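# Overview (structure and organization)
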Amino acid sequence: MTDGSRKPPLAPSLLEAPSDDVDETLKRRVEITNEYGLHLRPVDLFVRLALTFQSEIRVRHNGHDINGKSILDLLGLGAPQGTVLELIAKGPDAAAALDALSQLVVSSRFNNPEDQATEDKD
Amino acid sequence: MKLLDFVVPEAILVDLKAAGKESTIREIVESLHRVGCLSANDVDSVTRAILSREELGSTGIGQGVAVPHTRHPKADRLICTVAISRRGVDFAALDGEPVDILFLLVSPPSQPGDHLRALEIISRHLKDERFVHFLRQAKTCEQVVDLLEEADQGIP
């Protein structure tokens, strides 16, 4: 009998090497430079782009922590020009998502102040 | 700022007749004219401006809600009204669903802050499923006003 020498079986998962596809969590700060703030059209562009990534996208501002893939959440921030938002991406493509989203925020289409064709003055 | 600071209660429509996107927008703009918020001459121009804005991207923001809007020089203050469609309108919304609740906004170009703040307030209330549910059930203008008042009191 070798009762005393018996070791508890090790769970196989604990023996495996750590997988290299662990989700990354990355953060980046971006400033809203659109003169009308984060109104519907830039929000729409942001959400459409965010939805192309697998990663979870969160946006933090002023104590709010909201879903960066939700139009209502982003519009609900009511963020005017000059607001600094913290973008947080968590997932396999977090770095690519943050790169793309921060490039969008400074792009001309995001900042185009004209959101209508009419130029009526009077 | 509260919903009833910019929603014009008399212009609320609880049973839109129109079925298409363009006719729906026109019907709501005409309602704003009917209560004296816009002159007859401006109905066409405001309707066209809102439709041009829609061409840049639908304002159907999901869950059956749209916020068609324009910044228009003829608005001397932010005006908005609520309209409910019983049959639903194809608005090319992001989620593809027909729209049955509309908040239509016309704001002066000189006051971008008010426009942003109105969108913020509307969005925050639309996240409340109970609010949206009861809005959909509302049969009279007064019921909509009661809901808006209740919502206004709920948010500090």
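The text that follows walks through the structure, step by step, so that each part is easy to find. Keep in mind the model is a prediction, meaning the values are calculated, not measured. (Residues numbered from 1 in each chain as written. Chains lettered and ligands numbered in written order. Predicted model: local features only at pLDDT ≥ 70, side-chain atom pairs only at ≥ 80, totals over all residues. Heavy atoms only, no water.)

Residue and element names in this part refer to chain B. Where helix α2 (residues 21–34) meets helix α3 (residues 40–55), the closest approach of the two axes is 9 Å, and the angle between their N-to-C directions is 140 degrees. Between α2 and α3, the crossing angle belongs to the class labelled oblique. Crossing angle aside, the handedness with which α2 passes α3 is right-handed. Listed contacts from α3 to Lys 21, Glu 22, Ile 25, Arg 26, Val 29, Glu 30 and His 33 of α2 are Ala 40, Val 43, Asp 44, Val 46, Thr 47, Ile 50, Leu 51 and Glu 54. (Axes fitted to C-alpha atoms, helices over the stretch in contact; angles between N-to-C directions. Helix = DSSP H or I, 4+ residues; strand = E, 2+ residues; numbered from the N terminus. Parallel < 35°, antiparallel > 145°, perpendicular 65-115°, else oblique. Left-handed = near helix turned anticlockwise from the far one by under 90°. Contact = heavy atoms within 4.5 Å.)

Attention shifts here to the environment of A:Thr83. Residue and element names in this part refer to chain A. With respect to the secondary-structure elements, Thr 83 resides in the loop between α3 (71–75) and β4 (84–91). When the C-alpha atoms of Thr 83 and Thr 33 are compared, they prove to be 7.9 Å apart, with 50 residues separating the residues in sequence. Those residues in contact with Thr 83 that sit more than four places away from it in its chain are Val 30, Glu 31, Ile 32 and His 61. At 2.6 Å, the side chain of Thr 83 forms a polar contact with the backbone oxygen of Pro 80. (Polar contact = N/O pair within 3.5 Å; in protein donor to acceptor, adjacent residues only side chain to side chain.)

All names here are of chain B. Here Ile 28 shows up in helix α2. Linking Ile 28 and Lys 127, residues 99 residues apart in sequence, is a C-alpha distance of 23 Å. Once residues within four sequence positions are removed from consideration, Ile 28 is found in contact with Leu 13, Leu 16, Thr 81, Ala 83, Leu 102 and Leu 104.

Okay, the interface of chain A and chain B next. Residue-level contacts link 26 residues of chain A with 26 residues of chain B. Taken together, both faces of the contact between chain A and chain B bury some 2300 Å²; the carbon and sulfur share is 62%. Inspection of the chain A/chain B interface yields one salt bridge. Summed over the shared surface of chain A and chain B, the number is two residue pairs in polar contact (both at pLDDT 80 or more). Elements with a contribution of two residues or more to the side of chain A that touches chain B: α2 (40–50) and α3 of chain A. Here the side of chain A that touches chain B takes five residues from α2(A), the largest share from any one element. For the side of chain A that touches chain B, the per-class residue count stands at eleven nonpolar, seven polar and eight charged. (Buried area = accessible area lost by both parts, 1.4 Å probe. Salt bridge = Lys/Arg side-chain N within 4 Å of Asp/Glu carboxyl O. Nonpolar A, V, L, I, M, F, W, Y, C, P; charged D, E, K, R; others polar.)

A word on the side chain of A:Asn34. Residues and elements named next belong to chain A. Tracing the backbone through its elements, the reader meets Asn 34 in the loop between β1 (24–31) and α2. In this structure the side chain of Asn 34 is engaged in a polar contact, spanning 2.7 Å, whose partner is the backbone oxygen of Phe 110. Those residues within four positions of Asn 34 in sequence are excluded, and the remaining contacts are His 39, Pro 42, Gln 81, Phe 110, Asn 111 and Asn 112.

Moving on to the nonpolar core. The biggest cluster of nonpolar side chains holds 59 residues, and the ones touching the most others in it are B:Leu3 and B:Phe103. Sort the elements by how many residues they give to this core and helix α4 (residues 94–106) of chain A lands first, with seven residues. Excluding residues that lie within four positions of it along the chain, B:Leu3 makes contacts with B:Phe103, B:Ile121, B:Ile122, B:His125, B:Phe131, B:Leu148, B:Ala151 and B:Asp152. (Core = buried A, V, L, I, M, F, W, Y, C linked by side-chain atoms within 4.5 Å. Buried < 20%, exposed > 50% of the residue type's maximum accessible area, 1.4 Å probe, protein only.)

What follows concerns the packing of aromatic side chains. Taken as a whole and assessed by the stated rule, the structure comprises zero aromatic pairs over all chains. Positioned above the aromatic ring of B:Phe91, the side-chain terminus of B:Lys21 is 4.7 Å from the ring centre. Of note, B:Arg71 hangs over the ring of A:Tyr36, and the distance from its end group to the ring centre comes to 3.8 Å. (Phe/Tyr/Trp six-rings, centres within 6.5 Å; stacked < 30°, edge-to-face > 60°. Lys NZ or Arg CZ within 6 Å of the ring centre and 35° of its normal.)

Moving on, we get to the pattern of salt bridges. Tallied over the entire structure, the rule returns 14 salt bridges over all chains. For A:Arg58, the salt bridge goes to A:Glu56, with nearest N and O atoms at 3.9 Å. We classify A:Arg58 as partly exposed; its relative accessible area is 24%. Residue classification places A:Glu56 among the partly exposed positions, given a relative accessible area of 41%. Of the charged contacts, one joins B:Lys21 and B:Glu54 as a salt bridge, the two residues approaching to 3.0 Å between their closest N and O atoms. With a gap of 33 residues between them, B:Lys21 in helix α2 and B:Glu54 in helix α3 connect regions that are remote in the sequence. Each member of the pair, B:Lys21 together with B:Glu54, is buried.

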